[in-house]
Each structure stands twice: as structure tokens, then as C-alpha cells.
Amino acid sequence: MTESSGGEQRGSGEALIGRVLGGAFRVESQIGEGAMGLVYLARQLSIDREVVVKVLKRTGGRDAALDELLAKRFRREAQATARLTHPHTVRVIDYGETQEGLQFIVFERLVGESLDAILKREQRLDPARVARVGAKIARSLDEAHAAGVIHRDLKPENVFLCAYGDQRDVVKVMDFGVARLL
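Parameters and conventions
- Residues numbered from 1 in each chain as written.
- Predicted model: local features only at pLDDT ≥ 70, side-chain atom pairs only at ≥ 80, totals over all residues.
- Heavy atoms only, no water.
- Helix = DSSP H or I, 4+ residues; strand = E, 2+ residues; numbered from the N terminus.
- Buried < 20%, exposed > 50% of the residue type's maximum accessible area, 1.4 Å probe, protein only.
- Contact = heavy atoms within 4.5 Å.
- Areas by Shrake-Rupley, 256 points an atom, 1.4 Å probe, with all protein chains shown as cover.
- Pairing = 2+ DSSP bridges.
- Salt bridge = Lys/Arg side-chain N within 4 Å of Asp/Glu carboxyl O.

## Considerations on the overall build of the protein chain
When its secondary structure is counted, the protein chain shows three helices and 13 strands. The 182 residues of the protein chain split such that 44% are buried. Contacts in the protein chain between residues at least 24 apart in sequence constitute 52% of all its contacts with a sequence separation of at least 6. For the protein chain, the accessible surface area stands at approximately 9,500 Å², while carbon and sulfur atoms represent 50% of it.

## Topic: the sheet that holds strand S8 (residues 103-108)
Spatially, six strands are ordered S3-S4-S5-S6-S8-S7 in an open sheet, and the strand pairing comes out antiparallel. Each of the sheet's edge strands pairs with one partner strand only, and the pair in question is strand S3 (20-21) and strand S7 (92-97). With eight bridges connecting them, strand S5 (residues 37-44) and strand S6 (residues 49-56) associate as antiparallel partners. Bridge pairing links Val 39 to Lys 54 in S6.

## Description of unusual backbone geometry
We note that Asp 48 has phi near 50 degrees; this positive angle belongs to a residue other than glycine. For Asp 48, the location among the structural elements is in the loop between S5 and S6. The exposure class of Asp 48 is exposed, given its relative accessible area of 54%. Backbone geometry at Asp 169 places phi at a positive 55 degrees, although glycine is not the residue there.

## Topic: the pattern of salt bridges
Oppositely charged side chains may form a pair once their charged atoms are brought near each other. Enumeration according to the criterion identifies 17 salt bridges in this entry. For Lys 54, the salt bridge goes to Asp 175, with nearest N and O atoms at 3.3 Å. Taken together, the positions of Lys 54 in strand S6 and Asp 175 in the loop between strand S12 (167-173) and strand S13 (180-181) put the pair 121 residues apart, joining distant regions of the chain. Residue Lys 54 is classed as buried on the basis of its relative accessible area, which comes to 9%. When its relative accessible area of 26% is taken as the criterion, Asp 175 is described as partly exposed.

Everything listed here is a matter of geometry and, on its own, says nothing about what the molecule does.
Set out below in C-alpha cells:
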């Protein structure tokens, strides 16, 4: 990704590597790309912690109305996810905008893999495991719904399974990018 002084973005995302966003998060490498944003591994400098930073993609000035819509959705994702505190929902650490107008959301760093990757590799899951994972997803969504947040894009790619110590299949529901706030 390259960036003009007006915040235009295009390309591979490498232009942000090495930059410090919000005075606190040094971008180290690009680890993914979604429909709305580029995803980076970063370091929270104040406490030397790995985090994930999602940066909003823009049209580069080609469609101002679309850029405005995307910016509103991105801000809504940050607000929606920040409302949620359930252990099975990815945690928002920060939200900000650079002087050039790049919007970013900082999330906790997850170690594991998406449910999509697991399904592609294993093809079938044990029914007991499916029930355990499904119950954890439901608990995350229950809290979201109680907070007035409807996910609207729940799919295996947006469910991450982590391992913490001896706990396996710790579910993290993520990507509230098209969430609706009630």
C-alpha cells in the first residue's frame, strides 16, 4: 500500500510498515486483508505488546461517497466491538485516525486459527466439539445482542479458535465490520 499526503491508499500495504500510528502502535508486518481493511501485526510501544491493527481501505479519492460510507462503517465496527466485553469476543484496544486521515482499529493479538481454516483442513469436526464451539459463539452473540449489536456477517472466517495454556478452542468472534447498532 502506498499513501499520498491526502491519505490515498493503494498497493500491497507495505507503506505502513515501520510507521507508528496514534503515537503508540508501530506497524511491523501485514498479516491479512479483508473487504474493508488491511490487517497488520503491530507493537504497542508503551507496554511492548503485540497487537493487531486494522486500517481502513479507501478508494483513493475516486468515490468520495463510498469513502464516507466506509469510514462510517469502520467507526461503527470500532464502537460496536468496543461495547463488548465477553471473553469469546475479540477485544478492541484503541481506535484512531492519523493526520493523513487513515482510520485504524487496534485489537488484541490472537494466536490460533480461524474456524474456516480448521474446517478446510479437518473437513469434519467431532459433534461434541461443534457443540462446545457453537455454545461459545452463542454466548458472544448473546452479549452483543443484549448490548444492541447485531453482527450480520457471522461465518467461519470470522470465528477464531485460540489455545491458552491447557484450554483449547477458546472462541473469539471477530469482524463486526457490518454490524448494526440498535
